[in-house]
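# Structural overview
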Amino acid sequence: EKKGGRKCWNKDFPASDLIVLDDAFQYRRLKADKNIVLVDYYRPVNKDHLLPMGRLRDLPSRVLDADVIIVTKCPCELEDEEKIAFAAGLGVKDFDPRLCVGKACRGRGKKAVCHEARIFFTGITYGQSHGVYSTSDPRYFYSKRLILVTGIAKDTPLRNYLSDYYKIEKRFNFPDHHKYTTSDIQKIRACLKKYPTAAIATTEKD
């Protein structure tokens, strides 16, 4: 609890040294000590639009207010020139791929305020498949057919990865943070009856 802030409603709750919030960057009244913004490599904010025309909940230029920008889902091999071009598209100039630092400015002319912008380009490395339960039949790990079930924002990278090893017979792509219903389970079970030798794969999150 910081000085001047509201007291915690639970008096027995111990004081915190660090508080991490998810999806709080667009909350302007919140003055965070450090802001980290994630940008999808395939959906950069400079090529997206505010809701309802796009998926942005804040102005694209606001990304320059972040202390750190993490570009996610990057290709395995990304050249320095591509990183520089991507950073420039976000509004970060003079980006140094080796130091992961560039210059970002807000405003124009004499009113422009410039600061150091850090951008890190990251990718996804998938681990081995694991059975959800200890009683999972290990034979299904060797199946070449797959039923894919996901409830994430974008399953394209996962689908591309699995396609190299399996024939995806059916894909259930539910929205992010999807709450599975009885109807959803019934559809998956019906699909399993149609492809009895197929394995069912999902993400650790799901």
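The structure under discussion appears in the preceding block.
So, here is what we can say about the structure in this document.

We now examine the nonpolar core. With 22 residues, the main nonpolar core has Val63, Ile69, Val71, Phe86, Val92, Ile119 and Phe121 as its most contacted residues. Contributions of two or more residues to this core are made by strand 1 (36-40), strand 2 (68-72), helix 1 (80-90), strand 3 (92-96) and strand 5 (113-121). Every residue in contact with Val92, bar those within four places of it in the chain, is listed here: Leu64, Ala87, Gly102, Lys103, Ala104, Ala117 and Ile119. Counting residues in each nonpolar core, the second largest holds eight residues, with Ile147, Ile188, Tyr195 and Ala198 among its members.

By the secondary structure assignment, Ile152 is in the loop between strand 6 (145-150) and helix 2 (156-163). It is 7.0 Å that separates the C-alpha atoms of Ile152 and Phe174, two residues lying 22 residues apart in sequence. Contacts of Ile152, omitting those with residues within four sequence positions, involve Asn173, Phe174, Pro175, Asp176, Thr203, Lys205 and Asp206.

The sheet built from three strands is open, its strands ordered 7-6-8 with parallel pairing. Two strands lie at the open edges of the sheet, namely strand 7 (167-173) and strand 8 (199-202), each paired on one side alone. On average, each strand axis in the sheet is inclined to that of its neighbour by 25°, with strand direction left out of account. Bridge count for strand 6 against strand 8 is four bridges, and the pairing is parallel. Pairing of Leu146 across the sheet is with Ala199, part of strand 8. Strands in contact with helix 2 are strand 6 and strand 7; relative to strand 6, the strand with the most contacts, it is inclined by about 170°. Helix 3 (residues 182-194) rests against strand 6, strand 7 and strand 8 of the sheet, and its axis sits at about 170° to strand 7.

Once that is clear, we can look at the environment of Asp22. Along the polypeptide, Asp22 turns up in the segment before strand 1. Classification of Asp22 by relative accessible area gives exposed; the value is 67%. The spatial distance from the C-alpha of Asp22 to the C-alpha of Leu162 is 29 Å, given a sequence separation of 140 residues.

Right, let's get into a nonpolar patch on the surface. A contiguous nonpolar patch, built from Ile19, Leu21, Tyr27 and Leu30 and spanning about 430 Å² of accessible area, is present on the exposed surface. Structurally, the position occupied by Tyr27 is in the segment before strand 1. Relative accessible area serves as the criterion here: at 46%, Tyr27 is assigned to the partly exposed category.

With that out of the way, let us pick up a negative patch on the surface. On the surface, Glu77, Glu79, Asp80, Glu81 and Glu82 cluster together into a patch of negative charge. Structurally, Glu81 can be placed in helix 1. Assessed through its relative accessible area of 59%, Glu81 is described here as exposed.

Inspection of every chain in the model, using the stated rule, returns 13 salt bridges. One salt bridge connects Asp155 with Arg159, and the closest N-O pair in it is separated by 3.0 Å. On the accessibility criterion, Arg159 (22% relative accessible area) is partly exposed. Among the ionic pairs, Glu169 bridges to Lys167, the shortest N-O distance being 4.0 Å.

Parameters at a glance
Residues numbered from 1 in each chain as written. Predicted model: local features only at pLDDT ≥ 70, side-chain atom pairs only at ≥ 80, totals over all residues. Heavy atoms only, no water. Core = buried A, V, L, I, M, F, W, Y, C linked by side-chain atoms within 4.5 Å. Buried < 20%, exposed > 50% of the residue type's maximum accessible area, 1.4 Å probe, protein only. Helix = DSSP H or I, 4+ residues; strand = E, 2+ residues; numbered from the N terminus. Contact = heavy atoms within 4.5 Å. Pairing = 2+ DSSP bridges. Axes fitted to C-alpha atoms, helices over the stretch in contact; angles between N-to-C directions. Patch = residues over 30% accessible without salt bridge, like charges linked within 9 Å, V, L, I, M, F, W, Y side chains within 5 Å. Areas by Shrake-Rupley, 256 points an atom, 1.4 Å probe, with all protein chains shown as cover. Salt bridge = Lys/Arg side-chain N within 4 Å of Asp/Glu carboxyl O. Lys, Arg positive; Asp, Glu negative; His and termini not counted. Charge placed at Lys NZ, Arg CZ, Asp CG, Glu CD.

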